[in-house]
Amino acid sequence: MSKTIRIGTRDSQLALWQAKTVQKQLEKLGHKTELVPVKSTGDLVLNKPLYELGITGVFTKTLDIAMLNGDIDIAVHSMKDVPTVLPKGIVQAAVLKRGNIKDTLVFKNNEEFLSQKEGIIATGSLRRRAQWLNRYPTHTVVGLRGNVNLRLQKLEDSNWNGAIFAAAGLGRLNIKPELSINLDWMIPAPAQGAVMVVAIEEDEETRAICAEINHEETEICTKIERDFLNLLEGGCTAPIGALAFIKDNEVNFKGILLSPDGTKKIEVTRTEKLGKHKNIASFCSNYIIERGGKRLIDALKIETSKTNIYSTKSFTETQQQLFNDNLVIESHDAIKISLNRIQPAVFKAPIKNVVITSKNAVESIVTNHPANALKFENIYCVGRRTKKLIEQKIGPVTHSEKNAKSLAKYLLNNIDGNEITYFCSDLRLDDLPNILEAEQIKVNTIEAYQTKYDSKKVSNSLDGVMFYSPSTVESFIKQNTPNGIAFCIGETTAKEAKKHFSDVRVAKIPTVESVIELVNEHYI
């Protein structure tokens, strides 16, 4: 062949190993090749498990486009990542001899947790998650994404007991963790351990070359597994395992379908003579479907079509009704407020400049002292709702801003005098006092209320989390791993959220309804 075969591949270490393996085999046969690395959506989005991305072929889509555009001649994939139905015009050109098909548990200290009630295991695979929970129902499974080395580092830096990897991936990168065991009981993903080469259907010359490196036994077995997956209407969003192997001229098959939480499991096994194995996939998929598999798949489709949003503040019935119908909303107050007793001496003398940044501080002030007896000359506040409550319960507001930093900047230029009394929480950002004190304005801080963390642990499959103060962010993070988009009531809250979330959105105005509007606009 005179032309150079351009081999498209993802640019991860493991993907490059696969592509270089194909390259070596082709060059050994006398063909000229060139590697063309392309970054994929799956590599770019690391804050969600694959099954939450809502895309089939997340690791193959970019290469498909490059090939159809004529930028590459063939693409090399980990076969388990390839959709069972290829895009129009693209065909399977070769499958390399299969590597290790097993899943491997890498653990941190020892294996004792396997016999204990509590345990934390990390994986981004719904199939692995479901099988682990089926075997260890009291354990906790957390999400894990990234390349192999990044996942190993995350395990090292965490409080997890272990993480699950594909044995083939570890082996191909020559990574041999000392503390690891193969999970012989776990049924692998369809085509796990196999490498697929795809080409343009019309490019007969390139397809003929690729056929020279095809491994027939692997091709037979992976076809059965992928047909089984396809007939169950599963993809990377379904917890399906499948394994076919040839021994003594017989094709042996084992398949499994589970509910995502592992509480339901349907298994099937089948053995046929090689050459008479054509119907294994259809027989086994029908077996699964007839024994409740259809209900499991249908329930999973409904569940994955929903968008899950969690709010760190409980909603009123009216607020709840503002959300789009396609959103599943769960809410819980992430913080609890306890009003402090403020010493009467604080209110005895007139106070020239008062700063109030929340409605809770207003409630504390009027609980501690009759509103009609308050001697506040100038009242400065943050937020429309706080301003409205102050004017209802205390008196006129001299000036308000949308956040504490903006208010501090306003006071620097407009304050009457050089001293303020700041009614606030025991937990707060110090932007306002820091800015004022740096300009020699004295800040008398009065802790009007206490903020106590009261967040609960929620599902890792969240698409978004709604936050209303830095404290709600801090409370949520104490119990949960940051997942999805952070929708924030204002810039101060967003500043805290950005420490944990890669995607942070801020409402147009600092109200609960505006945060709801922000969520609705994103999930139209």
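The residue numbers shown here count from 1 along each chain, following its written sequence. Side-chain atom pairs in this predicted model are given and counted only at pLDDT of 80 or more, local residue features only at pLDDT of at least 70, and totals for whole chains, interfaces and linings cover all residues. Hydrogens are left out, water is left out, and the side-chain values use all remaining heavy atoms of the structure.

Peer 1: Looking at this structure, I do not really get the sheet that holds strand β12 (residues 250–258). What am I missing?
Peer 2: Whenever strands of a sheet pair, they do so through backbone hydrogen bonds, lying parallel or antiparallel. When DSSP locates at least two bridges between a pair of strands, those strands are taken to pair. By the criteria applied, helices consist of DSSP H or I runs no shorter than four residues and strands consist of E runs no shorter than two, each listed in order from the N terminus. What the 3 strands build is an open sheet, ordered β11-β12-β13; its pairing is antiparallel. Edge positions in the open sheet fall to β11 (240–247) and β13 (265–273), since each of these has one partner strand only. Between one strand axis and the next, the sheet turns through 10° on average, direction left out of account. Relative to β12, β11 is paired through 8 bridges, and the arrangement is antiparallel. If you follow Leu243 over to β12, its bridge partner there is Lys254. Along the sheet face, helix α4 (residues 126–135) touches β11, β12 and β13 and points at about 80° away from the line of β12. Orientation is described by lines fitted to C-alpha atoms, with helices fitted over the stretch in contact, and by angles between N-to-C directions that extend from 0 to 180 degrees. Working rule for contacts: check all heavy atoms of both residues, and any pair within 4.5 Å makes them a contact.

Peer 1: Looking at this structure, how should I read the pairing of β13?
Peer 2: Both faces of the sheet carry side chains from a regular strand, because those side chains alternate between them. In this structure, β12 lies alongside β13, joined through 9 bridges in antiparallel fashion. Bridge pairing in β13 places Lys254 opposite Thr269. Between β12 and β13, which follow one another and run antiparallel, lie 6 residues, and Gly262 among them has a positive phi close to 80°.

Peer 1: Sorry, what's going on with the sheet that holds strand β1 (residues 5–9) here?
Peer 2: One open sheet holds the 5 strands; their spatial order is β2-β1-β3-β10-β4, and the pairing between them is mixed. This sheet does not close on itself; its edge strands, each paired only once, are β2 (33–37) and β4 (90–95). Here the strands of the sheet are splayed against their neighbours by 30° on average, with no regard to which way each runs. Direction of pairing for strand β3 (residues 74–78) relative to strand β10 (residues 195–200): antiparallel, over a ladder of 5 bridges. Across the sheet, Val76 pairs through a bridge with Val197, a residue of β10. Lying on the sheet, helix α1 (residues 13–28) is in contact with β1, β2, β3 and β10; it crosses β2 at an angle near 165°. Against the sheet, helix α3 (residues 61–68) contacts β1, β3, β4 and β10, and its axis sits at roughly 170° relative to β3.

Peer 1: Quick question: what am I supposed to make of unusual backbone geometry here?
Peer 2: The phi angle of most residues is negative, glycine excepted, and most peptide bonds adopt the trans form. With a phi angle near 55°, Asn174 is a residue other than glycine that sits in the positive phi range. Residue placement: Asn174 occurs in the loop between α6 (167–172) and β9 (180–182). The exposure class assigned to Asn174 is exposed, which follows from its relative accessible area of 59%. Unlike most non-glycine residues, Ala191 shows phi in positive territory, near 70°. Following the sequence through the fold, Ala191 ends up in the loop between β9 and β10. Each residue gets one of three labels from its accessible area relative to the maximum for its type: buried under 20%, exposed over 50%, partly exposed in between, using a 1.4 Å probe on protein chains only. Looking at Ala191, the relative accessible area reads 0%, which means it is buried.

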